[in-house]
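Residues per chain, in single letters:
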Amino acid sequence: MKMMRNIVISLSIILLAAPLISGQDLSKYRTFSLGTSLAELSKQVGPYSHSTTLIHQRPAVIQELTFWTLNSSSHRVDPFSQILFSFYNGELYRIVVTYEQDATAGLTEDDMVRAMSVRYGTATRVATEINFFPTNYLDSSTDKVIPFFPPNEPYHSADGLIARWEDSQNSVSLLRSSNLNSFRLAISSKRLDARANAAIIESVRLENEEASQKEIARVTKEADGLATTRQANLKAFRP
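The structure displayed is predicted, hence computed values, not measured ones.

Rules used in this analysis
Residues numbered from 1 in each chain as written. Predicted model: local features only at pLDDT ≥ 70, side-chain atom pairs only at ≥ 80, totals over all residues. Heavy atoms only, no water. Helix = DSSP H or I, 4+ residues; strand = E, 2+ residues; numbered from the N terminus. Buried < 20%, exposed > 50% of the residue type's maximum accessible area, 1.4 Å probe, protein only. Contact = heavy atoms within 4.5 Å. Areas by Shrake-Rupley, 256 points an atom, 1.4 Å probe, with all protein chains shown as cover. Pairing = 2+ DSSP bridges. Core = buried A, V, L, I, M, F, W, Y, C linked by side-chain atoms within 4.5 Å. Expected span 1.5 Å × (residues − 1). Arc of directions from axis to C-beta. pLDDT = per-residue confidence, 0-100. Salt bridge = Lys/Arg side-chain N within 4 Å of Asp/Glu carboxyl O. Phe/Tyr/Trp six-rings, centres within 6.5 Å; stacked < 30°, edge-to-face > 60°.

**Observations regarding the overall build of the protein**
For the protein, the count of helices and strands is 5 helices and 13 strands. Out of the 239 residues belonging to the protein, those deemed buried represent 38%. Restricting the contact set of the protein to residue pairs at least 6 apart, pairs at least 24 apart contribute 53%. Total accessible area computed for the protein in this model is approximately 14,500 Å², and 57% of it derives from carbon and sulfur atoms.

In structure tokens, the structure reads:
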């Protein structure tokens with residue numbers, strides 16, 4: 001009888017919790033949703049607090065929109081300092097939120113995990129050790145962060161994975177920046193993230209290949225020019 005009562009209680013808890021669990025939307029941060037077009041999101045954030053950058057044009061168009069909050073030193077409206085939106089062929093595939101250091105001062109990693117769990121549910125995995133990788137592109141399947149910046153530009157920070165929330169389509173990762181001593185939250189579409197990462201790798205390969213070809217062409221042109229000059233000088237030179 002006692003076992004049956006425990007089973008009934010457990011089932012009741014599961015049934016009561018089901019709507020809450022199914023209601024966790026891992027495709028959103030506040031009013032921002034994965035899959036939104038660049039044009040729609042630009043209107044959403046307004047014209048005065050963001051900038052858009054074209055990162056790669058082929059084999060896919062990779063763009064980035066950086067949104068800054070209008071917080072002042074005396075009045076904080078939002079706990080974050082900026083949000084980085086990444087687009088694959090005009091479709092939002094990643095949102096990276098960087099929180100203000102003052103807003104998270106004194107908060108432990110456990111505090112942040114609990115705070116995020118209110119919005120996203122129970123974390124599916126919490127890292128026992130923090131491994132730091134170059135940022136900005138977090139590969140949701142391997143925990144590796146693929147560099148956003150071109151190969152010859154310096155990395156701006158290193159992020160360590162603290163906790164993750166995920167379903168079959170999206171993932172939410174809580175990260176800590178080692179050199180900025182701040183927290184970040186990365187929300188990404190697994191499908192688009194994989195396509196974007198593959199496109200970025202291919203784009204870098206193409207750019208390196210083209211740079212190599214241009215260098216070969218430059219060296220060849222210089223050599224041909226020098227050979228032509230040599231022949232002319234051989235004919236004209238009189239010791």
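Structure shown, so let's carry the discussion forward.
**A few points about the pairing of strand β5 (residues 80–88)**
When you tally the buried positions in β5, you get 7 out of 9 residues, the bulk of the element. Here strand β4 (residues 62–68) pairs with β5 via 7 bridges, running antiparallel. Each bridged residue has a counterpart across the sheet, and for I62 the counterpart in β5 is Y88. When β5 meets strand β6 (residues 91–99), the two strands line up antiparallel, connected through 8 bridges. Considered in β6, the bridge of I83 is made with V97. The turn joining β5 and β6, which pair antiparallel and follow one another in sequence, is formed by 2 residues; a positive phi near 50 degrees is taken by N89.

**A short note on the nonpolar core**
Core analysis: the biggest nonpolar cluster contains 30 residues, and Y29, F85, I95, W165 and L185 have the highest contact counts within it. Of all the elements in the fold, those that place two or more residues in this core are α2 (38–45), β4, β5, β6, α4 (109–120), β11 (158–166), β12 (170–177) and β13 (182–189). In contact with Y29, not counting residues within four places along its chain, are F80, I83, I95, V97, Y99, Y120, L185 and I187. Residues Y88, A196, A199 and I200 belong to the second largest nonpolar core, which totals 9 residues.

**Considering α4**
With 12 residues, α4 should reach 16 Å at 1.5 Å per residue; the first-to-last C-alpha distance of 16 Å fits that figure. Among all positions in α4, only M112, V113, M116 and Y120 are buried. For α4, the buried positions fall inside an angular range of 100 degrees around the axis, keeping them on one side. Across α4 from its buried face, at more than 90 degrees, point the exposed residues R114 and V118. G121 sits one or two positions beyond α4 and adopts a positive phi of about 90 degrees.

**Describing unusual backbone geometry**
In this structure, P59 follows R58 across a cis peptide bond, with omega equal to 5 degrees. By the secondary structure assignment, P59 is in the loop between β3 (50–56) and β4. The phi dihedral of N89 is positive, around 50 degrees, even though this residue is not glycine. Structurally, N89 is set in the loop between β5 and β6.

**Topic: the confidence of the model for the protein**
Here the protein averages 75 in pLDDT, and 71% of its residues register 70 or above. Least confident of the elements in the protein is strand β8 (residues 132–134), whose mean pLDDT is 34; most confident is strand β2 (residues 32–33), at 95. The low-confidence segment residues 2–22 (pLDDT under 50) makes 0 contacts with residues lying over four places distant or belonging to another chain. In this model, residues 128–157 is a region of pLDDT below 50 whose contacts with residues beyond four sequence positions or in other chains number 86 contacts.

**Regarding the pattern of salt bridges**
This model, assessed by the stated rule, comprises 9 salt bridges. For D193, the salt bridge goes to R94, with nearest N and O atoms at 2.0 Å. On the criterion of sequence distance, the pair formed by D193 in helix α5 (residues 190–236) and R94 in strand β6 is long-range, its members being 99 residues apart. A single burial state applies to D193 and to R94, both of which are buried. For E109, the salt bridge is made with R176, and the minimal N-O distance between the two is 3.9 Å.

**Overview of the pairing of β12**
Regular strands place their side chains on alternate faces of the sheet. With respect to burial, β12 is a largely interior element, 7 of its 8 residues being buried. The sheet contact formed by β12 and β13 spans 8 bridges and is antiparallel. Bridge pairing links S171 to S188 in β13.

**Description of the packing of aromatic side chains**
Counted according to the given criterion, the structure contains 4 aromatic pairs. Summarising the aromatic geometry, the rings of Y29 and F80 are spaced 6.1 Å apart at their centres and angled 70 degrees between planes, so their arrangement reads as edge-to-face. Taken together, the residues Y29 in strand β1 (residues 28–29) and F80 in strand β5 connect sequence positions 51 residues apart. Accessibility classification places Y29 together with F80 in one group, the buried group.

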